[in-house]
Amino acid sequence: MKCEEIAELLPDYLQQGLQGERKNIVERHLESCVECREVAGLWKQLALIPDEQPSPAGRARFDAMLQAYQAGQGSGVVTRRTTDKGTSIWSVFQWLRSPVGAVAWSIALVALGTYLGLQLGGAKSNSQDLAAMHTELTSMRQMVALSMLQQQSASQRLEGVTWTRREEHLDPQVLSALMHTLRYDQSVDVRLAALDALSRHAGQPQVKKTVLDALQEQQSPLMQVALIDQLVEWRDAEAAPGLEKLRKLPNLNPTVRQRADWAISKLN
Amino acid sequence: MLQVRDGAGEMLGVLFERYHAPLYNFYAKLTGDRALSEDLVQEVFLRILRHRQTFRDGTPFRAWIYQIARNARIDHFRKSRPQVPFEPEMAPAVAPGDPAQQQQESELLHRAMMELPEEKRELLVLCRFQELPYEDVARLVGCGVATVKVRIHRAMQELRQIFHQLQAAPASSAQRAAAQNFPPRRMT
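The present account deals with the structure reproduced in this document. (Residues numbered from 1 in each chain as written. Chains lettered and ligands numbered in written order. Predicted model: local features only at pLDDT ≥ 70, side-chain atom pairs only at ≥ 80, totals over all residues. Heavy atoms only, no water.)

### Topic: the overall build of chain B
Counting its secondary structure elements, chain B contains nine helices and zero strands. Listed N to C, the secondary structure of chain B is α-α-α-α-α-α-α-α-α in terms of helices and strands. The burial tally for chain B puts 55% of its 188 residues in the buried class. Of the roughly 8000 Å² that chain B leaves accessible, carbon and sulfur atoms contribute 49%. (Helix = DSSP H or I, 4+ residues; strand = E, 2+ residues; numbered from the N terminus. Buried < 20%, exposed > 50% of the residue type's maximum accessible area, 1.4 Å probe, protein only. Areas by Shrake-Rupley, 256 points an atom, 1.4 Å probe, with all protein chains shown as cover.)

### Description of unusual backbone geometry
Phi at Arg 235 of chain A is positive, roughly 50°, even though this residue is not glycine. Judged by its relative accessible area of 64%, Arg 235 of chain A is exposed. Positive phi outside glycine occurs at Glu 131 of chain B, with the angle close to 55°. Checked against the element boundaries, Glu 131 of chain B lands in the loop between helix 6 (118-129) and helix 7 (134-141). The class of Glu 131 of chain B is exposed, set by a relative accessible area of 54%.

### Re the side chain of Thr 210 of chain A
All names here are of chain A. Inspection of the secondary structure puts Thr 210 in helix 11 (residues 205-217). A distance of 2.7 Å separates a polar atom in the side chain of Thr 210 from the backbone oxygen of Gln 206. Discounting residues that sit within four places of it in the chain, Thr 210 has contacts with Met 179, Leu 182 and Arg 183. (Polar contact = N/O pair within 3.5 Å; in protein donor to acceptor, adjacent residues only side chain to side chain. Contact = heavy atoms within 4.5 Å.)

### A few points about the pattern of salt bridges
Residues and elements named next belong to chain A. Tallied over the full model, the rule gives 22 salt bridges over all chains. The partner of Arg 28 in a salt bridge is Glu 21, with the nearest N and O atoms 3.2 Å apart. Owing to a relative accessible area of 48%, Arg 28 belongs among the partly exposed residues under this scheme. In this structure, Asp 213 and Lys 209 form a salt bridge, with 2.9 Å as the shortest nitrogen-oxygen distance. With Asp 213 and Lys 209 both in helix 11 and four residues apart, the pair spans about one turn of that helix. Residue classification places Asp 213 among the partly exposed residues on the basis of a relative accessible area of 25%. According to the relative accessible area criterion, Lys 209 is exposed, its value standing at 51%. Connected through salt bridges with shared partners, the residues Arg 183, Lys 209, Asp 213 and Glu 217 form a single ionic network. (Salt bridge = Lys/Arg side-chain N within 4 Å of Asp/Glu carboxyl O.)

### Observations concerning the packing of aromatic side chains
This model, assessed by the stated rule, comprises seven aromatic pairs over all chains. Considering the side-chain rings of Tyr 19 of chain B and Phe 61 of chain B, the 5.1 Å spacing of their centres and the 65° angle between planes classify their relative orientation as edge-to-face. Pair noted here: Tyr 19 of chain B is in helix 2 (residues 11-31) and Phe 61 of chain B is in helix 4 (residues 61-79), with a separation of 42 residues, a long-range link. Of the two residues examined, Tyr 19 of chain B and Phe 61 of chain B, each falls in the buried class. Between Phe 26 of chain B and Tyr 66 of chain B, the ring centres sit 5.5 Å apart and the planes meet at 80°, which makes this aromatic pair edge-to-face. Separated by 40 residues along the polypeptide, Phe 26 of chain B in helix 2 and Tyr 66 of chain B in helix 4 bring together distant segments of the chain. In terms of burial, Phe 26 of chain B and Tyr 66 of chain B fall into one category: buried. Residue placement shows Arg 259 of chain A over the ring face of Trp 262 of chain A; its charged tip is 4.3 Å from the ring centre. If you follow Lys 29 of chain B out to its NZ or CZ, it ends over the ring of Phe 129 of chain B, 4.8 Å from the centre. (Phe/Tyr/Trp six-rings, centres within 6.5 Å; stacked < 30°, edge-to-face > 60°. Lys NZ or Arg CZ within 6 Å of the ring centre and 35° of its normal.)

Structure representation (structure tokens):
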């Protein structure tokens, strides 16, 4: 049997999931094929990499977090020891080598070029030039965000959502893409991130409407709970009829129904 | 978990005892960063608390907790993209008493793992170290079981190639880092 055919059986063999004749086929192949035998050998060797032991301080941190959460201080409890590490100049340099860093680097170069060009060209007014440069940069950043929101990979779309958070005022096209992401993205994580990003733009009437519409469309309980929480945070009294409609859905997750009831009581 | 969901917060402590070491290892093998792994484990349990109401009866808990763990990691790297490069100092301590060659191979293999692309490394960590069935992994990463098996096969092939390259040229990554003007980092 050829390696390509064994490739279909080998992963099951590695996880001890093959029996009888299929197992014999793989074992016969391994006897004659060095490459596949090496793969099987490496799989076994991986078990020799020992497990790491978490530090005993982890339990104390967990207990503190649990106590704080139960005391109603859930957010902001988990301290991040790693944040100060991120400020190392080497970390910044590493970041510049990543795809997003490369885009940021390009934008910085364009900005520098524009600035130098304006200076050397004897521009009329510095403040006007700087404003123009700022507008151009904003527009470029939004273009990057828009492009990333349309990527195949969920993690890239997540990065796209993150880019939108850098701007206080979003271009209508980016805002529209973000709202589309909230409603239709395949990944629940990306949809949740989009909701988070949109929460800062409650002043835009179409944002609240989109969130309300999404509430009726989303099937994931995680999403439904997040949307309900957002509406309560906005104290959007107009959401009450939508919540009533949601809670009457026959197949609604009981937890979501409970959350909707809680939200209705909060909003009324 | 059902008790945690229904409000018995102290039951979360039981879950913590059972899952914090496997989760820590999941992160440590993925990121090679102990401090970050500790932080992410705490984040997972905070998220369990926050989202416990969304846990549905009959859902496999292990798959659910790893879904949360993956999301926490994605969110973390979304916020701070730079990843800690693998350094020899970050290789796990090999159990005492291991023969020298075995220790060397184990370190080399660990280094090869860290040089795999992230998504392939994650698959191997989930299937080999966390011993999740292919069905659970398929659900986690959002593809079919057959696709997971194909990806595992490819990941193992690539691991074999990297392992061979490292065996042929066992320059330490510290040396390679120096060549690239990167200072070697130590695990904290």
